[in-house]
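Commentary on secondary and tertiary structure
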Amino acid sequence: DTEVTQTPKHLVMGMTNKKSLKCEQHMGHRAMYWYKQKAKKPPELMFVYSYEKLSINESVPSRFSPECPNSSLLNLHLHALQPEDSALYLCASSQGPASGYEQYFGPGTRLTVT
Amino acid sequence: GQQLNQSPQSMFIQEGEDVSMNCTSSSIFNTWLWYKQDPGEGPVLLIALYKAGELTSNGRLTAQFGITRKDSFLNISASIPSDVGIYFCAGHPGRNAGNMLTFGGGTRLMVKP
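If you're wondering where the values come from, they're calculated on a predicted model, not measured in any experiment.

Conventions adopted
Residues numbered from 1 in each chain as written. Chains lettered and ligands numbered in written order. Predicted model: local features only at pLDDT ≥ 70, side-chain atom pairs only at ≥ 80, totals over all residues. Heavy atoms only, no water. Pairing = 2+ DSSP bridges. Helix = DSSP H or I, 4+ residues; strand = E, 2+ residues; numbered from the N terminus. Axes fitted to C-alpha atoms, helices over the stretch in contact; angles between N-to-C directions. Buried < 20%, exposed > 50% of the residue type's maximum accessible area, 1.4 Å probe, protein only. Contact = heavy atoms within 4.5 Å. Core = buried A, V, L, I, M, F, W, Y, C linked by side-chain atoms within 4.5 Å.

Observations regarding the sheet that holds strand S6 (residues 55-58) of chain B
Residues and elements named next belong to chain B. The sheet built from 5 strands is open, its strands ordered S1-S3-S8-S7-S6 with antiparallel pairing. The open sheet has two free edges, formed respectively by strand S1 (5-7) and S6, since each of these has just one partner strand. Strand-to-strand twist across the sheet, computed as the mean angle between neighbouring axes with direction ignored, equals 15°. As paired elements, S1 and strand S3 (residues 19-24) share 3 bridges and run antiparallel to each other. Within the sheet, the bridge partner assigned to Asn5 lies in S3 and is Thr24.

Focus on the sheet that holds strand S8 (residues 73-79) of chain A
Residue and element names in this part refer to chain A. An order of S1-S3-S8-S7 is seen for the 4 strands of this open sheet, with the pairing classed as antiparallel. Every interior strand has two partners, whereas the edge strands, strand S1 (4-7) and strand S7 (64-70), have only one. Within this sheet the neighbouring strands show an average axis-to-axis angle of 20°, counted without direction. Pairing between S7 and S8: 5 bridges, direction antiparallel. The residue bridging Ser65 from the neighbouring strand is His77, located in S8.

Topic: unusual backbone geometry
Cis geometry is adopted by the peptide bond preceding Pro8 of chain A, which originates at Thr7 of chain A and carries an omega value of -10°. Relative to the elements of secondary structure, Pro8 of chain A occurs in the loop between S1 and strand S2 (10-13). Of note, the amide linkage connecting Ser7 of chain B to Pro8 of chain B takes the cis form, showing an omega dihedral of -5°. Looking at where Pro8 of chain B falls in the secondary structure, it is placed in the loop between S1 and strand S2 (10-14). One non-glycine residue with positive phi stands out, namely Glu52 of chain A, at about 70°. Assignment of secondary structure puts Glu52 of chain A in the loop between strand S5 (44-50) and strand S6 (53-57). With a phi angle near 55°, Ser59 of chain A is a residue other than glycine that sits in the positive phi range. Note on placement: Ser59 of chain A falls in the loop between S6 and S7.

A closer look at the environment of Pro8 of chain B
Residue and element names in this part refer to chain B. Residue classification places Pro8 among the partly exposed residues on the basis of a relative accessible area of 27%. In the structure, Pro8 is positioned 13 residues away from Met21 in sequence and 6.3 Å away in space, judged by C-alpha atoms. Every residue in contact with Pro8, bar those within four places of it in the chain, is listed here: Ser20, Met21, Gly106 and Thr107.

Description of the nonpolar core
If you look at the biggest cluster of nonpolar residues, it comprises 23 residues, and the most contacted ones within it are Trp34, Phe64, Leu76 and Leu78 of chain A. Residues contacting Leu78 of chain A, with those up to four places away along its chain left out, are Leu11, Met13, Asn17, Lys18, Lys19, Leu21, Arg63, Phe64 and Leu111 of chain A. In terms of nonpolar packing, the next biggest core, distinct from the first, is built from 21 residues, Val19, Ile47, Phe65 and Cys89 of chain B among them.

Observations concerning the pairing of S6 of chain A
Residues and elements named next belong to chain A. When S5 meets S6, the two strands line up antiparallel, connected through 4 bridges. Within the sheet, the bridge partner assigned to Ser50 lies in S6 and is Lys53. Counting the residues in the hairpin turn of S5 and S6 gives 2 residues, including Tyr51, whose phi is positive at 50°.

Following this line, the structure appears as structure tokens:
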């Protein structure tokens, strides 16, 4: 099973709202990722968690706050977003550092900021 | 950040035709991955390559890891309408380089029935 699940599928939020995106995998993977993807562009890395610790933050604005409650779950908390933050947000997972570089993606959350 | 050079950017072909696309880099990669993304969905891993010169098939798809380790190719034989989508290559330099993948810009494939 190479399934990564994400909820919600679609999200519309105002600039003053607080919302969260959720991601789950049950493949025993120890690395999890958040990506942002604009139309017709490749995924752009935001955060990497390795063994439940934040290992990479690609200079993402603080209005995006990641959280890894356990090895299977990854959240992205959103607060005071801007319209330009509208995009497809993808979660991915992989086996872990130095043991498998294939990343498996979830279906994404289509976020619209109004 | 760095991005792999993927070409062509888009292709519009007739059903039944074969398709070729490639990805090149100025630096060496030790793993090459090919993904397909349907509209509104996440990328799906098609093929993973681990050794220079390796040729791997997945149904009508065949991918090759270039012997210089700076390029990779994806071929689709006898295209069908469900092959429509965006194909991304991705590379990883290998051990001690963390978890980050470098992606190509994508090849948008359109198939005319």
